[in-house]
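Working through the structure, step by step
Okay, here's what each chain looks like letter by letter:
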Amino acid sequence: MTSPLLQTLGILLGYAIFCAHIWRRHRAGVSETEGVATSGRGPDCLVCYASQNGAAERHARGTADTLRANGHSVRLLTANGLRERQLQRAQRVIFVVSTYGQGEPPDNGAVFARRSLHRAEDLPGLRFAVLALGDKRYSAYCAFGHALYDGLKARKAVPEFALVCVDREDPDALAGWEDLLTCL
Ligand SMILES: Cc1cc2nc3c(=O)[nH]c(=O)nc-3n(C[C@H](O)[C@H](O)[C@H](O)COP(=O)(O)O)c2cc1C
C-alpha cells in the first residue's frame, strides 16, 4: 500500500510537471513583452518573425528595440505564435520574415501562413509592415514576404509602407528599413 506521504509527493510532482509544461508552451509562442504602459490595451506593436537560421529573428529583435526606443510598446513573437484572434485585435503588426525552400515560409511561419493568409475575414483595423529577407540568386526572391504582404492586403489590412525586400542582408536596404520605422 502507498503511504499518504508518497501520495502527496506524487501529487506535488505532477503539479510541478504540469506547471513546467504550461510555462514552456507560453515561452514557445510568445517571447517578450516590454515597453511603454498601455493602460491595459496591450502593446501597440506586435513584431512577428519567421526565421529558419536566425537572421530574420535578429532583425526582428533590432526592430523591436528601435520601436521601443521610439516610445512604442512592443511584443515580440514568432509568426506561428500569432493567433488569428490576436491578429484581428491588433493595432499594428510588423513582420520580419525570410524565405526558404523554393519560396516557402520558414518553419516558424508555416503554420501562420496556412492558418491566416487566405482567410475570408477582413482585417480593416490592422496596420502592418513587412521586412522580407531573401537572396536574389533564388528565383522565388523574398516570395514569403510577398505572399504575406499580398495576403494581408487581400484581407483589407492597411500597409504602413511598401514591402521592403533585402537581398543577403544588404546594409543599405536595412538602413532604409530603420528609417521607415521612425515614421511609425
Ligand atoms: C536552403 C535555402 C533556401 C532558400 N530559399 C530562398 C528562396 O526561395 N528565396 C529567397 O529569396 N531566399 C532564399 N534563401 C535565402 C534566405 O531567405 C536568406 O539567406 C535569409 O537571410 C535567411 O534568413 P533566416 O536566417 O532568418 O532564415 C534560401 C536560403 C537557403 C539556405
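Refer to the preceding data block for the structure.
One structure accompanies this document, and this report is about it.

Counting 26 residues, the largest nonpolar core has L82, V93, F95, F112, V130 and L148 as the members making the most contacts within it. Among the secondary structure elements, those contributing two or more residues to this core are β2 (45-50), β4 (92-98), α4 (107-116), β5 (127-134) and α5 (143-154). The element that contributes the greatest number of residues to this core is α5, accounting for four residues. For V93, the contacting residues outside a window of four places in its chain are L46, C48, L82, L87, L126, R127, F128 and A129. Judged by nonpolar contacts, the second largest core, of 23 residues, contains V164, L174, L181 and L184.

S51, Q52, A56, T99 and C142 are the nearest of the 19 residues found near the ligand. Measuring from an oxygen atom of the ligand, one finds a backbone N or O atom of N53 at 3.0 Å. Y100 is positioned such that a nitrogen or oxygen atom in its side chain is 3.4 Å from an oxygen atom of the ligand. Burial of the ligand by the protein chains amounts to 81% of its free accessible area of 650 Å². Every element with two or more residues in the shell around the ligand is listed here: α2 (55-69) and β5. Partitioning the shell around the ligand into residue classes produces eight nonpolar, ten polar and one charged.

Burial within β5 is extensive, with seven of its eight residues counted as buried. Strand direction decides the pairing type here: β4 and β5, joined by seven bridges, are parallel. Bridge assignment links F95 to a residue of β5, and that residue is V130. Remark: the β4/α4/β5 crossover connection has right-handed handedness. In this fold, the crossover linking β5 to strand β6 (residues 158-159) by way of α5 has right-handed handedness.

Okay, the packing of aromatic side chains next. In the structure shown here, the tally under the stated rule is three aromatic pairs. Ring centres of F161 and W177 lie 5.7 Å apart, and the angle between their planes is 85°; on these two criteria the pair is classed as edge-to-face. Pair noted here: F161 is in the loop between β6 and β7 (164-167) and W177 is in helix α6 (residues 171-181), with a separation of 16 residues, a long-range link. Side by side, F161 and W177 carry an identical accessibility label, which is buried.

Conventions we followed
- Residues numbered from 1 in each chain as written.
- Predicted model: local features only at pLDDT ≥ 70, side-chain atom pairs only at ≥ 80, totals over all residues.
- Heavy atoms only, no water.
- Core = buried A, V, L, I, M, F, W, Y, C linked by side-chain atoms within 4.5 Å.
- Buried < 20%, exposed > 50% of the residue type's maximum accessible area, 1.4 Å probe, protein only.
- Helix = DSSP H or I, 4+ residues; strand = E, 2+ residues; numbered from the N terminus.
- Contact = heavy atoms within 4.5 Å.
- Near = heavy atom within 4 Å.
- Polar contact = N/O pair within 3.5 Å; in protein donor to acceptor, adjacent residues only side chain to side chain.
- Areas by Shrake-Rupley, 256 points an atom, 1.4 Å probe, with all protein chains shown as cover.
- Nonpolar A, V, L, I, M, F, W, Y, C, P; charged D, E, K, R; others polar.
- Pairing = 2+ DSSP bridges.
- Right-handed = clockwise from strand over helix to strand, strands pointing away.
- Phe/Tyr/Trp six-rings, centres within 6.5 Å; stacked < 30°, edge-to-face > 60°.

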